[in-house]
Amino acid sequence: MGAQVTRTNVWSELRVSSTPKLYLSISPNLTALAMITDALAGRRRGLPELWRRAISSRVGPLGHEAVRPLAAPGTSIAPDSLVPNSPVSGDFSIQAQIGALHDLPGEALVEDLERTFGPGPLPAHWRAAAERPTRWLRGYAGALADVWSTTEPLWKRARPLLDREVERVGVTTVRGGPELLLGAISDRIVYGERGLLLPGPEAGTHELGDRRIVLVPMLAGRDALVLGLDDPGAVWIAYPVPGAESMWRKPVAPALDELSALVGPVRADLLCALDQPMTMSMLATDMKIAPSGLTYHCDRLRAGRLITRERRGREVWIARTHRAEELLELFRR
């Protein structure tokens, strides 16, 4: 059975008979899947609307069509083709995943769907993919590439959060108490007397046995959760990394990554936000930055002759200078 992008009204039980062994995988693959299901497939899990719109606008019609089965009501099971390599392996890049999707024969997708959903007719929402599997694979690969072009700068900026999570899980593993950690990684997971209660596509009971539990922190909405309960070597649980909400600033176009390196990500975001003059209060609301922090960054941009400030009555208006326009144009090329 493939990945489970969970819903909330059905519960699965993962029975744990002894102290579980915890491992951590820093892998971007499930972050991309969570972004796709939230922003494109409509299975909303707390991704801010600004990011949802930015991601959706990058994906073409074929990509939007390919991800529709992920939002079908009543089920959250997806074929393994969506994650061609186990998320336990942290060295499998998004680019490698996209390549694997392009290389996968259409008949292999059909076999994957039949293996995932068992004998009998496929669910209605997956039949179009089975009828034209090569088209579906091409569309999903394209959607994945477009989503990651928007999300990769965020993933890179989140490295301190991911490093902190590595330390947190490591300390818990050494000092004991993995049950406390597992019960706290998501509000949607409950650690009961016999093990974990997990939201899932269908009610069921799974035995952990001697398998390890692999935790996969994601950059995703606060309610996102992706589970793998049937891997013979490990159970994996993908969850929002603590502090992810601090990352939801206005998206910067990937072509402007070099601008971020030059002036810093906050000031690059600020320059991109000023497509038209804005007041300080409007800009603070749009950027979700405290007024004191915004004033500091505006002072630095003004010193670099990249913005102007003009007081009109009780409001201070901010605008990009011609120098800033030329700089942005340079990095858009």
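Heads up: the structure comes first, above all this text.
The structure presented is a predicted model; accordingly, all values stated were derived computationally and were not measured.

Looking at the overall build of the protein
Tallying secondary structure elements over the protein gives 14 helices and twelve strands in all. Looking at the 333 residues of the protein, the share that counts as buried comes to 50%. Considering only contacts in the protein between residues 6 or more positions apart, those separated by 24 or more positions represent 71%. Looking at the protein as shown, the accessible area adds up to about 15600 Å², and 51% of this sits on carbon and sulfur atoms.

Quick look at the packing of helix α5 (residues 106-117) against helix α7 (residues 133-157)
If you want to describe how two helices pack, look at the angle between their axes and the distance between the axes. α7 packs onto α5 with a crossing angle of 90° between their chain directions and a minimal axis gap of 8 Å. Classified by the angle between their axes, α5 and α7 sit roughly perpendicular to one another. Contact with α5, carried on its side by G106, L109 and V110, involves P133, T134, W136 and L137 of α7 and no other residues of that element. For the contact of α5 with α7, the residue count by class is five nonpolar, two polar and no charged.

Brief notes about the sheet that holds strand β12 (residues 315-320)
Read across the open sheet, the three strands follow the order β10-β12-β11; overall the sheet is antiparallel. Only two strands of the sheet have a single partner each, and these edge strands are β10 (278-279) and β11 (307-312). With two bridges connecting them, β10 and β12 associate as antiparallel partners. Note on β12: the bridge partner recorded for T279 is W317.

Some remarks on unusual backbone geometry
With a phi close to 55°, K288 is a non-glycine residue in the positive phi region. Relative to the helices and strands, K288 is located in the loop between α12 (280-287) and α13 (291-303). Phi angles above zero are rare outside glycine, and R305 is one such case at about 60°. Tracing the backbone shows R305 in the loop between α13 and β11.

Criteria and thresholds
- Residues numbered from 1 in each chain as written.
- Predicted model: local features only at pLDDT ≥ 70, side-chain atom pairs only at ≥ 80, totals over all residues.
- Heavy atoms only, no water.
- Helix = DSSP H or I, 4+ residues; strand = E, 2+ residues; numbered from the N terminus.
- Buried < 20%, exposed > 50% of the residue type's maximum accessible area, 1.4 Å probe, protein only.
- Contact = heavy atoms within 4.5 Å.
- Areas by Shrake-Rupley, 256 points an atom, 1.4 Å probe, with all protein chains shown as cover.
- Axes fitted to C-alpha atoms, helices over the stretch in contact; angles between N-to-C directions.
- Parallel < 35°, antiparallel > 145°, perpendicular 65-115°, else oblique.
- Nonpolar A, V, L, I, M, F, W, Y, C, P; charged D, E, K, R; others polar.
- Pairing = 2+ DSSP bridges.

That is the geometry; function is a separate question.
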